Amino acid sequence: YDGGGFDITGLTIVSSEDGQGLFGYASQYTNLKNINLKEVDIKGNSYVGGLIGNFGFGQLENCHVSGKVEGTGNFVGGLAGLYNNSNVGEGMKNCSTSVDVIGINYVGGLAGKSGYTTIDSCYSKGSVKGVDIVGGLVGNVASHSTNVKVTNSYSLASVTTTTNGRVGGLVGLN
């Protein structure tokens, strides 16, 4: 899907279900690009993201989210709750968030968890709060592969945990 760089403003989702975001789940080999979401207010359980709740095997490029994203469960991120199992060379590129993110475990300013993906030229601002595995950019980067890379990316988000959980300014757990 190509959003053409147009803005979507004021997207509001209030749910107690999993898989919340502009897109709840995406099938394999989906590419999302040039999407701008402003002033979102998204609430769900697990797999909650501003753009997408659960995403695998595809690319996110030039996607930007501002607002608030909250999950009462796990895998909560400003852009994607869970971004998993990308093909080599695919991942997040030129994406950003300015979001207040709240979740339990696997919580991040950009993504709650990024598994087997590359993250290039991305950043996050705002705040990130959770219990465990909480990161300014990504809660957890699954690094079981040499294909996992975070390059030219940063976070200015304030990061807090409500316990002595694993927390990091960039990545909560690698």
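See the structure above.
Quantities reported herein were computed from a predicted structural model and do not represent experimental measurements. (Residues numbered from 1 in each chain as written. Predicted model: local features only at pLDDT ≥ 70, side-chain atom pairs only at ≥ 80, totals over all residues. Heavy atoms only, no water.)

> Could you give an account of the overall build of the protein chain, naming the residues involved and the relevant values?
Each helix and strand in the protein chain was counted, giving 0 helices and 22 strands. C-alpha extents for the protein chain along the principal axes are approximately 40 × 40 × 25 Å. For the protein chain, buried positions account for 49% of its 174 residues. Of all intrachain contacts in the protein chain linking residues separated by at least 6 positions in sequence, the fraction that spans at least 24 positions is 79%. For the protein chain, the accessible area works out to roughly 7300 Å², and carbon and sulfur atoms hold 47% of it. Taken as two groups, the 10 positive and 12 negative side-chain charges of the protein chain have centres that lie 6 Å from each other. (Helix = DSSP H or I, 4+ residues; strand = E, 2+ residues; numbered from the N terminus. Buried < 20%, exposed > 50% of the residue type's maximum accessible area, 1.4 Å probe, protein only. Contact = heavy atoms within 4.5 Å. Areas by Shrake-Rupley, 256 points an atom, 1.4 Å probe, with all protein chains shown as cover. Lys, Arg positive; Asp, Glu negative; His and termini not counted. Charge placed at Lys NZ, Arg CZ, Asp CG, Glu CD.)

> Tell me about the sheet that holds strand β17 (residues 138-142), and name the residues and values.
Pairing is parallel in the open sheet, where 6 strands are placed in the order β3-β6-β9-β13-β17-β22. Two strands lie at the open edges of the sheet, namely β3 (23-25) and β22 (171-173), each paired on one side alone. Taken pair by pair, the neighbouring strands of this sheet meet at an average axis angle of 25 degrees, ignoring direction. Relative to strand β9 (residues 80-84), strand β6 (residues 52-56) is paired through 4 bridges, and the arrangement is parallel. Looking at β9, one finds that glycine 56 is bridged to asparagine 84. (Pairing = 2+ DSSP bridges. Axes fitted to C-alpha atoms, helices over the stretch in contact; angles between N-to-C directions.)

> So, unusual backbone geometry: which residues are in play, and what are the values?
With a phi angle near 55 degrees, asparagine 34 is a residue other than glycine that sits in the positive phi range. Looking at the element boundaries, asparagine 34 is found in strand β4 (residues 30-44). Its relative accessible area of 21% is what places asparagine 34 among the partly exposed residues. Here the phi dihedral of isoleucine 133 falls at roughly 60 degrees; this positive angle occurs in a residue that is not glycine. Examined against the element boundaries, isoleucine 133 turns out to sit in strand β16 (residues 132-135).

> Can you tell me about the pattern of salt bridges, naming the residues and giving the values?
It is possible for side chains bearing opposite charge to pair when their charged atoms get close. Inspection of every chain in the model, using the stated rule, returns 4 salt bridges. Between aspartate 7 and lysine 38 there is a salt bridge, with the nearest N and O atoms lying 3.1 Å from each other. Here lysine 38 lies in strand β4 and aspartate 7 lies in strand β1 (residues 7-9), a separation of 31 residues in the sequence. Residue class for aspartate 7 comes out partly exposed when judged on its relative accessible area of 44%. Residue class for lysine 38 comes out partly exposed when judged on its relative accessible area of 38%. (Salt bridge = Lys/Arg side-chain N within 4 Å of Asp/Glu carboxyl O.)

> An account of the pairing of strand β15 (residues 123-130) is needed here, citing residue identities and associated values.
Bridge analysis of strand β11 (residues 96-102) against β15 gives 7 bridges, and the strand direction is parallel. When the sheet's bridge partners are listed, aspartate 100 is paired in β15 with serine 127. Here β15 runs beside strand β19 (residues 154-155); their pairing, made up of 2 bridges, is parallel. Looking at β19, one finds that tyrosine 123 is bridged to tyrosine 154. Here 4 bridges tie β15 to strand β20 (residues 158-161), and the two strands are oriented parallel to one another. By the bridge assignment for β20, serine 127 is matched with serine 158.

> Which residues make up the side chain of asparagine 140, and what are the values?
Of note, asparagine 140 is situated in strand β17. There is a polar contact of 2.8 Å between the side chain of asparagine 140 and the backbone oxygen of leucine 173. Residues in contact with asparagine 140, not counting those within four places in the same chain, are Tyr106, Gly112, Lys113, Ser114, Ile133, Leu173 and Asn174. (Polar contact = N/O pair within 3.5 Å; in protein donor to acceptor, adjacent residues only side chain to side chain.)

> Any details on the packing of aromatic side chains? Residues and values, ideally.
All told, the structure shown has 5 aromatic pairs when counted by the stated rule. Arranged with centres 4.9 Å apart and planes meeting at 45 degrees, the rings of phenylalanine 55 and tyrosine 83 form a pair that is tilted. One end of the pair, phenylalanine 55, is in strand β6; the other, tyrosine 83, is in strand β9, with 28 residues separating them in the sequence. For the pair phenylalanine 55 and tyrosine 83, one class covers both residues: buried. Here phenylalanine 75 and tyrosine 106 contribute two aromatic rings whose centre-to-centre distance is 4.7 Å and whose plane-to-plane angle is 15 degrees, an arrangement assigned as stacked. Of this pair, phenylalanine 75 sits in the loop between β7 (58-71) and β8 (76-77) while tyrosine 106 sits in strand β12 (residues 105-108), and the two are 31 residues apart along the sequence. For phenylalanine 75, a relative accessible area of 15% corresponds to the buried category. With relative accessibility at 22%, the residue tyrosine 106 sits in the partly exposed group. (Phe/Tyr/Trp six-rings, centres within 6.5 Å; stacked < 30°, edge-to-face > 60°.)

By themselves, these figures tell us nothing about what the structure is for.
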